[in-house]
Amino acid sequence: MRKRSHRSRAVAAVTAAVVLGAAGCDALGGDGPGGPGAREQKARPSASPTPVWDTSPASLAAVGDSITRGFDACSVLTDCPEVSWATGDSGEVNSLAVRLLGARAATHSWNYAVTGTRMADLPAQMARAAARRPALVTVMTGANDACRVTAEAMTPVADFRAGFEESLRTLRRTAPTAQVYVASVPNLKRLWSQGRTNVLGKQVWKLGICPSMLGDADALDSAANLRRETVRQRVEDYNTVLEEVCAKDARCRFDGGAVYEFRFGTDQLSHWDWFHPSTNGQARLAEIAYRRITARGA
């Protein structure tokens, strides 16, 4: 009897030690296999997440309107894509593609912009650009939505928004990781104020360049002023749309209104129409885009 009691007490002591040992880490907050310390360690990320925005994209596709085609930069009423701010190869411009890609720009950049197009045309351009699987797509459009025969004919803001949203959806279906740089619409009223002092420019304007803003260029009556102010406000509304829609896409950067705020002077305007950017103006657009695209943490 004495021997069996001794053995029973020994077994009980060992069992208690095992139970306390197993429970002790959790109860005392230790770092045992099942303790909170282990759970916290598992929850910690093993490495920093990869940044969404790449400041050195390996290829570029451009979409947009006459500005991206270099319209009127080399000769009157003619495209001049070689001086395009986005994809041109002119040394005078040092385009965005050349700045980003160097010698590879010739084979790794594409210009799908079309003179005269509006936001409604952008989804089709974006589909062509997306087929290239570019690392970066540049967007500059909206001026023609404001430059209509009359101010009343301008693209409604809601339609402008719908067109831009559809363009980004089109891109994402084929190129989900492509980055997007969106340039603001230029201040058309400021361009009018710069060019209205040039007799030749005003003659070219009569051929149909942005009549909602440039028509009757010398008129300063209340109706003309109201018309120009209406166009100016619509451009600002378009820029608000570009910024808001872009902000919903983690791989999209708006220029923050830099193109709208840029003060195009006589050197930056085409001497053929005193409205579109000259070669010098195209270079300034390339600089603005490059700074925004290569900025870290923007």
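Residues numbered from 1 in each chain as written. Predicted model: local features only at pLDDT ≥ 70, side-chain atom pairs only at ≥ 80, totals over all residues. Heavy atoms only, no water.

Observations regarding the overall build of the chain
Then comes step 1: In terms of helices and strands, the chain carries 13 helices and five strands.
Then comes step 2: Considering the chain as a whole, with its 298 residues, one finds that 48% of them fall into the buried category.
Then comes step 3: Counting contacts in the chain only where the partners sit at least 6 residues apart, residues at least 24 apart contribute 71% of the total. (Helix = DSSP H or I, 4+ residues; strand = E, 2+ residues; numbered from the N terminus. Buried < 20%, exposed > 50% of the residue type's maximum accessible area, 1.4 Å probe, protein only. Contact = heavy atoms within 4.5 Å.)

A word on the packing of helix H5 (residues 122-130) against helix H7 (residues 157-174)
Then comes step 1: Running from N to C, H5 and H7 point in directions that differ by 20°, and their axes come no closer than 8 Å. Classified by the angle between their axes, H5 and H7 sit roughly parallel to one another. Of the two elements, H5 crosses H7, and the hand of that crossing is right-handed. Residues Leu122, Pro123, Met126, Ala127 and Ala130 of H5 form the contact with H7, whose participating residues are Gly163, Phe164, Glu166, Ser167, Thr170, Leu171 and Thr174.
Then comes step 2: Taken together, the residues that form the contact of H5 with H7 break down as seven nonpolar, four polar and one charged. (Axes fitted to C-alpha atoms, helices over the stretch in contact; angles between N-to-C directions. Parallel < 35°, antiparallel > 145°, perpendicular 65-115°, else oblique. Left-handed = near helix turned anticlockwise from the far one by under 90°. Nonpolar A, V, L, I, M, F, W, Y, C, P; charged D, E, K, R; others polar.)

Let's talk about the side chain of Asp273
Then comes step 1: Along the chain, Asp273 falls in the loop between helix H12 (258-261) and helix H13 (279-294).
Then comes step 2: With no salt bridge to any partner, buried Asp273 finds its closest opposite charge in Arg69, at an N-O distance of 14 Å.
Then comes step 3: A polar contact is formed between the side chain of Asp273 and the side chain of His276, at a distance of 2.6 Å. (Lys, Arg positive; Asp, Glu negative; His and termini not counted. Salt bridge = Lys/Arg side-chain N within 4 Å of Asp/Glu carboxyl O. Polar contact = N/O pair within 3.5 Å; in protein donor to acceptor, adjacent residues only side chain to side chain.)

Observations regarding the sheet that holds strand S3 (residues 136-140)
Then comes step 1: Across the sheet, which stays open at both edges, the five strands sit in the order S2-S1-S3-S4-S5 with parallel pairing between neighbours. Strands at the two margins of the open sheet, each flanked by one partner only, are strand S2 (109-111) and strand S5 (252-254). Neighbour-to-neighbour, the strand axes of the sheet open up by a mean angle of 15°, direction not taken into account.
Then comes step 2: Judged from the three bridges that link them, strand S4 (residues 179-182) and S5 form a sheet pairing that is parallel. Following the sheet pairing, Tyr181 is matched in S5 by Arg253.
Then comes step 3: The strands that H7 touches are S3 and S4; relative to S4, the one it contacts most, it runs at about 155°.
Then comes step 4: Sheet strands in contact with helix H11 (residues 222-247) are S4 and S5, and its direction is about 150° off that of S5. (Pairing = 2+ DSSP bridges.)

Observations concerning the confidence of the model for the chain
Then comes step 1: Averaged over all residues, the pLDDT of the chain equals 87, while 83% of them reach at least 70.
Then comes step 2: In the model, residues 1-43 has pLDDT below 50 throughout and makes 13 contacts with residues more than four positions away in sequence or in other chains. (pLDDT = per-residue confidence, 0-100.)

Quick word on the pattern of salt bridges
Then comes step 1: Counted under the stated rule, the structure contains ten salt bridges.
Then comes step 2: With a shortest N-O distance of 3.3 Å, Arg173 and Glu166 are connected by a salt bridge.
Then comes step 3: A relative accessible area of 59% means that Arg173 is categorised as exposed.
Then comes step 4: The salt bridge involving Lys189 is made with Glu229; its shortest N-O contact spans 3.2 Å. Of the two residues, Lys189 is situated in helix H8 (residues 188-195) and Glu229 in helix H11; the sequence distance between them amounts to 40 residues.
Then comes step 5: The class of Lys189 is partly exposed, set by a relative accessible area of 25%.
Then comes step 6: On the basis of relative accessibility, which here comes to 29%, the residue Glu229 falls in the partly exposed class.
Then comes step 7: Put simply, Lys189, Glu229, Arg232 and Glu236 are held in one network by salt bridges that share partners.

Remarks on the layout of surface pockets
Then comes step 1: Empty space within the largest pocket amounts to approximately 280 Å³.
Then comes step 2: Around the largest pocket, the lining comprises 21 residues; the ones closest to its centre are Ser66, Asn144, Ile209, Cys210 and His276.
Then comes step 3: Counting only elements with at least two residues in the lining of the largest pocket, the list comes to helix H6 (143-146) and H8.
Then comes step 4: For the lining of the largest pocket, the per-class residue count stands at 14 nonpolar, six polar and one charged. (1 Å grid on protein atoms, 1.4 Å probe; cavity = no way out; pocket = protein on both sides within 12 Å on 5 of 7 lines; lining within 4 Å. Points joined across faces, edges and corners; volume = space filled by probe spheres on them.)

Describing the state of the cysteines
Then comes step 1: Using the criterion set out here, one finds three disulfides in the structure.
Then comes step 2: A sulfur-sulfur distance of 1.9 Å marks the disulfide that ties Cys74 to Cys80. Across the S-S bond linking Cys74 and Cys80, the dihedral sits near -65°, which makes this disulfide left-handed.
Then comes step 3: For Cys74, a relative accessible area of 38% puts it in the partly exposed group.
Then comes step 4: With relative accessibility at 1%, the residue Cys80 sits in the buried group.
Then comes step 5: Described in terms of the sequence order of its bonded cysteines, the disulfide pattern of the chain is 1-2, 3-4, 5-6. (Disulfide = S-S within 2.5 Å.)

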